[in-house]
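Chains, contacts and geometry: an overview
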Amino acid sequence: NSGDIDVYVVRVGGKKSARNWAITKIDSYHGLTPVGHPLRFEVVVSNNDDQVAEDVAVSLYVGDDTNAVDTITVPVVPARGTTAVPLYASLKQPGHHEIRAAFPRPTQADGLGKDNQNRLVVNAVERVQVLMVHDEDATRTLEDPEHECYFLNIALAPVSDHYVEVVDKPSA
């Protein structure tokens, strides 16, 4: 045999169902994942039991780090229901990062370890360049309140050292 084989026994039928909590979804709340900025992740906790789950702890991890970057305790997850919770992380360097949501105490959840965590890969960036093509006169800058793209520029890059860099290009 070249490797181990995991076997899980799932009880089917009977009067009492085994407790089964799961992390069924993790998603980035932001479209961009800039380095050094707090990022919000939405984690969905499922309770596949007939009983209400109380005080369910969920943690967020970055990469192989065993220390959670954020943890939240969900007061109640309804029976046969789900609850979405926000967790936050800040990435320290550009590149691809694995984000993992997991129950910090796996034995608290249940014996089916495969669904006690969920993963997401994000690409952290230092800067994002946005090309803004417009019909304005080249003598006006984006900082001019009369410029047609003035408000869009502020929305994209609200401060001078923002991770979005707006590149100004008149169409003519």
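Structure: see above.
Quantities reported herein were computed from a predicted structural model and do not represent experimental measurements.

Taken as a whole and assessed by the stated rule, the structure comprises five salt bridges. Among the salt bridges present, the one from arginine 119 reaches glutamate 98, with a minimum N-O distance of 2.9 Å. Taken together, the positions of arginine 119 in strand S7 (residues 117-124) and glutamate 98 in strand S6 (residues 95-102) put the pair 21 residues apart, joining distant regions of the chain. The class for glutamate 98 is partly exposed, based on a relative accessible area of 27%.

This part covers unusual backbone geometry. One non-glycine residue, aspartate 55, lies in positive phi territory at about 50°. Looking at the element boundaries, aspartate 55 is found in strand S3 (residues 53-62). Backbone geometry at arginine 80 places phi at a positive 55°, although glycine is not the residue there. Structurally, arginine 80 is set in the loop between strand S4 (70-77) and strand S5 (81-90).

A word on the packing of aromatic side chains. For the structure shown, the criterion picks out two aromatic pairs. A centroid spacing of 5.0 Å and a plane angle of 80° characterise the contact between tyrosine 150 and phenylalanine 151, whose relative ring orientation is edge-to-face. Taking relative accessible area as the criterion, tyrosine 150 reaches 19% and is therefore assigned buried. Taking relative accessible area as the criterion, phenylalanine 151 reaches 63% and is therefore assigned exposed. Sitting above the plane of the tyrosine 29 ring, arginine 40 keeps its charged end 4.4 Å from the centroid. When the ring centre of tyrosine 61 is taken as reference, the NZ or CZ atom of arginine 100 above it lies at 4.3 Å.

The rules behind the values
- Residues numbered from 1 in each chain as written.
- Predicted model: local features only at pLDDT ≥ 70, side-chain atom pairs only at ≥ 80, totals over all residues.
- Heavy atoms only, no water.
- Salt bridge = Lys/Arg side-chain N within 4 Å of Asp/Glu carboxyl O.
- Helix = DSSP H or I, 4+ residues; strand = E, 2+ residues; numbered from the N terminus.
- Buried < 20%, exposed > 50% of the residue type's maximum accessible area, 1.4 Å probe, protein only.
- Phe/Tyr/Trp six-rings, centres within 6.5 Å; stacked < 30°, edge-to-face > 60°.
- Lys NZ or Arg CZ within 6 Å of the ring centre and 35° of its normal.

Without other data, these values stay purely geometric and don't point to any function.
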